[in-house]
Amino acid sequence: MRRKTGATLVLLHRATRITVHTKPCVGILVTLLTFVFCSFLFGHLPILWRMLRKREFMHDLFLQWAEKYGPIVRLNAFHRVSVMILSPEGVKEFLMSPQYPKDRLVYGRIFNLFGERFLGNGLVTVCNHEHWHKQRKIMDPAFSRTYLIGLMETFNEKAEDLMEKLEEKADGKKEFSMLRMMNRVTMDIIAKVAFGLELNALSDDQTPFPHAVTLVLEGMTKTRIPLFQYMPGKQKLVKEVKESLKLLRRVGKECIDRRREAIQNGKEATLDILTQILKGDALEETRDDENILDNFITFFVAGHETTANQLSFTVMALAQHPEILKRLQAEVDDVLGAKRDIGYEDLGKLAYLSQVLKESLRLYPPVPGTVRWMEKEHVINGIRIPANTTLVFSTYIMGRMERYFKDPLTFNPDRFSRDAPKPYYCYFPFSLGPRSCIGQVFAQMEAKVVMAKLLQRFEFQLVPGQSFKLLEAGTFRPLDGVMCKLKPRSPARGCQA
Ligand code: HEM
Ligand SMILES: *[C@@H]1O[C@H](CO)[C@@H](O)[C@H](O)[C@H]1NC(C)=O
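- Identification of the protein chain as Cholesterol 24-hydroxylase from Bubo bubo is taken from an unreviewed UniProt entry.

In structure tokens form, the structure reads like this:
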């Protein structure tokens, strides 16, 4: 402790030099599971409005500042100071330790949306360490290896449903959004394996759920605009967002009641996410149905949107890199051949596919980072950070910094080959430490099954004229939805010119 204080004094001078007051406007970059909020500094609104209007991606501006002033960048937002920590030392120190809770102000902002309860005290948003720890311990068994292996059947079945849908489109001419299709398959999967619900979002165009989730995420993005819910002209959206939240919570309630009844009638409950959520509640002294619904929505939203974005970004990157695609198809042919049922042991053999998925998360992380609250003064990289500061971490920015990744904007899965050095606290698409993603392995198994089948069956092409930009809308997703054309792969695999 004493050494640290000493360092503070010695380095104060350096700190004042290095900690830059970034002059051009600043948002607090605030990130939630999937959710990024920027509170805008009023004084700098013109620049931000211009960026928003042009749909420019604000995080690239932050990236420029990071390259110029980093790795510690101070942001001024209203009267609060936030500090972006973009050094491996800082990431390790603050994310690996349970000492630094999530920032209440930031995560509290999505407790409700426009007055309607949203993520509440669910597993992503809960900031109190004890309350979080209790919930997490209860949820862990639903993500154990043995349990996840049991999900392979559903991953295969739902991915097959997607392949059937894609076959209908695979005439080499029809244009469709890959993002939309991926969203539907991942939604069907999470509904089934987490809650035992057959949503059939893939085949049912009338189902209200995909639209409801889109609206909720849009609402999340809009809440960062001060007084948005009182603006004339926005009333329709606000109303729709609230109705979507009510719909999701109502479905959650029905689902929970049905399950409770089944348990009471002595039916053996499957060890799925819902069972774990209910077990957690049973251990509480007072029953908290609202907290159960918080977790229903948390898992419903967090458990599919991110994976869908990862999958569609990956299709986008592959379609831009024919050599990588070819090598990947060769691996899939080699491991799977014409096999339909992908087994757990096959996943380990799809090594290059793992690399491709990791590289996709480096350049296109669906969740850009996380936010912590630091109550005591701290020195990191020789820079003194005052007490009571919001700390912002971004895998999007670090993943694109020259000093951590050579030629950072090039999509190169070999960065993640077996013998390449592992990235050292500069790559964390699932966050790190105690608050890291509980669904990481789940998501990557699911992503591999879907991608492997897609690669096995189809050739894809991007519709020309699309930007490869990112859109910040709750999560980071491909702005143009990855419009594709598909053709069945010719049976003479590997022999194409
Ligand atoms: C590619 C897919 C995914 C990505 C990139 C991703 C990313 C993340 C990140 C970055 C966090 C930390 C959020 C924060 O600090 O605010 C997180 C937390 C979380 N994720 Fe994921 N996630 C993915 C898939 C999933 C899936 C499939 C599930 C559930 C089945 C899930 C459930 C959760 C939960 C419950 C948390 C909170 C964990 C805790 O604080 O204990 N995620 N995820
Ligand atoms: C930080 O905030 C806490 C709680 O609001 C307060 O008690 C403490 O004095 C603050 N620390 C400093 C150095 O301002």
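### Topic: the overall build of the protein chain
Right, on to step 1. Broken down by element type, the protein chain carries 19 helices and 15 strands.
Right, on to step 2. Expressed as a percentage of the 497 residues in the protein chain, the buried residues total 43%.
Right, on to step 3. Across the protein chain, the fraction of contacts at a sequence separation of at least 24, relative to all contacts at a separation of at least 6, is 74%.

### Here we look at the UniProt feature "binding site: heme" (unreviewed entry) in the protein chain
Right, on to step 1. The residues that UniProt annotates with the feature "binding site: heme" (unreviewed entry) are Cys437.
Right, on to step 2. Leave out the neighbours within four places in its chain, and Cys437 touches Phe430 and Ser431.

### Brief notes about the site of ligand 1
Right, on to step 1. The immediate surroundings of ligand 1 are formed by 24 residues, with Gly303, Thr306, Thr370, Cys437 and Gly439 found nearest.
Right, on to step 2. Only helix 13 (289-302), helix 14 (305-320) and helix 19 (440-457) provide two or more residues apiece to the shell around ligand 1.
Right, on to step 3. Counted by class, the shell around ligand 1 contains 14 nonpolar, 8 polar and 2 charged residues.

### Brief notes about the pairing of strand 11 (residues 389-394)
Right, on to step 1. Along strand 11, 6 of the 6 residues are buried, which leaves the element largely enclosed by surrounding structure.
Right, on to step 2. Covered by surrounding structure in strand 11 are Thr389, Leu391 and Phe393 together with Thr390, Val392 and Ser394, the residues of both alternating faces.
Right, on to step 3. Of the strand pairs in this sheet, strand 8 (residues 369-374) and strand 11 are connected by 6 bridges, and their pairing is antiparallel. The residue bridging Met374 from the neighbouring strand is Thr389, located in strand 11.

### Some thoughts on the UniProt feature "coiled-coil region" (unreviewed entry) in the protein chain
Right, on to step 1. Under the present numbering, the feature "coiled-coil region" (unreviewed entry) in UniProt falls on residues 149-176.
Right, on to step 2. The span residues 149-176 is 68% helical and 4% strand by assignment, and the distance between its end C-alpha atoms comes to 32 Å.

### Thoughts on the nonpolar core
A general trend in soluble globular proteins is that nonpolar side chains are found buried together.
Right, on to step 1. Ile85, Val216 and Val450 are the most contacted members of the largest nonpolar core, which has 121 residues in total.
Right, on to step 2. No other element matches the 12 residues that helix 9 (residues 178-195) contributes to this core.
Right, on to step 3. Setting aside chain neighbours within four positions, we find Ile85 in contact with Ile72, Gly90, Val91, Phe94, Ile380, Leu391, Val392 and Phe393.

### Comments concerning the environment of Leu202
Right, on to step 1. Assignment of secondary structure puts Leu202 in the loop between helix 9 and helix 10 (209-222).
Right, on to step 2. Residue Leu202 is classed as buried on the basis of its C-beta count, with 20 C-beta atoms lying within 10 Å.
Right, on to step 3. In the structure, Leu202 is positioned 37 residues away from Lys165 in sequence and 7.6 Å away in space, judged by C-alpha atoms.
Right, on to step 4. Filtering out sequence-adjacent residues up to four positions away, Leu202 remains in contact with Asp161, Leu162, Lys165, Arg184, Val185 and Asp188.

### Digging into the environment of Leu166
Right, on to step 1. Looking at where Leu166 falls in the secondary structure, it is placed in helix 8 (residues 152-169).
Right, on to step 2. On a C-alpha basis, the gap between Leu166 and Leu486 in space is 7.8 Å, while along the polypeptide they are 320 residues apart.
Right, on to step 3. Those residues in contact with Leu166 that lie beyond four places of it in its chain are Met181, Phe458 and Leu486.

### Thoughts on the pairing of strand 15 (residues 483-488)
Right, on to step 1. Judged from the 2 bridges that link them, strand 7 (residues 176-177) and strand 15 form a sheet pairing that is antiparallel. From the neighbouring strand, Phe176 faces strand 15, where its bridge partner is Cys484.

### Things to note about unusual backbone geometry
Right, on to step 1. The phi angle at Asn200 is positive, at roughly 55°, despite the residue not being glycine.
Right, on to step 2. Along the chain, Asn200 turns up in the loop between helix 9 and helix 10.
Right, on to step 3. The phi dihedral of Ser431 falls on the positive side, at around 60°, and the residue is not glycine.
Right, on to step 4. As for its position among the elements, Ser431 is in the loop between helix 18 (395-399) and helix 19.

### What to know about the confidence of the model for the protein chain
Right, on to step 1. Per-residue pLDDT for the protein chain has a mean of 86; in total, 86% of the residues score no lower than 70.
Right, on to step 2. Taken as a whole, residues 1-45 scores under 50 in pLDDT and shows 100 contacts with residues more than four places along the chain or in a different chain.

### Quick look at helix 8
Right, on to step 1. Over its 18 residues, helix 8 runs 26 Å from end to end, which matches the ideal 26 Å to within 8%, given 1.5 Å per residue.
Right, on to step 2. If you check which residues of helix 8 are buried, you get Phe155, Lys158, Ala159, Leu162 and Leu166. Taken end-on, helix 8 shows its buried residues confined to a sector of 100°, consistent with a single buried face. Across from the buried face of helix 8, at angles greater than 90 degrees, the exposed residues are Glu153, Glu164 and Glu168.
Right, on to step 3. The inward-facing, buried residues of helix 8 abut helix 9, helix 19, strand 12 (458-462) and strand 15.

### Considerations on helix 3 (residues 58-69)
Right, on to step 1. Spanning 12 residues, helix 3 covers 17 Å between terminal C-alpha atoms, matching the ideal 16 Å at 1.5 Å per step.
Right, on to step 2. Taken together, the buried positions of helix 3 are occupied by His59, Phe62, Leu63, Trp65 and Ala66. Projection of helix 3 onto a plane perpendicular to its axis shows the buried side chains occupying an angular sector of 165°, all on one side.

### Focus: the sheet that holds strand 7
Right, on to step 1. Sheet architecture is open: 3 strands sit in the order 7-15-12, paired in antiparallel fashion. Single-partner strands in this sheet number two, and they are strand 7 and strand 12.
Right, on to step 2. Bridging between strand 12 and strand 15 involves 5 bridges; their strand directions are antiparallel. Across the sheet, the residue bridging to Leu462 is Cys484, located in strand 15.
Right, on to step 3. Set on the sheet, helix 14 makes contact with strand 12 and strand 15; between it and strand 12 the angle comes to about 85°.

Scoring rules and cut-offs
Residues numbered from 1 in each chain as written. Chains lettered and ligands numbered in written order. Predicted model: local features only at pLDDT ≥ 70, side-chain atom pairs only at ≥ 80, totals over all residues. Helix = DSSP H or I, 4+ residues; strand = E, 2+ residues; numbered from the N terminus. Buried ≥ 20, exposed ≤ 12 C-beta atoms within 10 Å, placed from the backbone. Contact = placed C-beta atoms within 7 Å. UniProt positions renumbered as here; feature names shortened; annotations may be inferred. Near = placed C-beta within 6 Å. Nonpolar A, V, L, I, M, F, W, Y, C, P; charged D, E, K, R; others polar. Pairing = 2+ DSSP bridges. Core = buried A, V, L, I, M, F, W, Y, C linked by C-beta atoms within 7 Å. pLDDT = per-residue confidence, 0-100. Expected span 1.5 Å × (residues − 1). Arc of directions from axis to C-beta. Axes fitted to C-alpha atoms, helices over the stretch in contact; angles between N-to-C directions.

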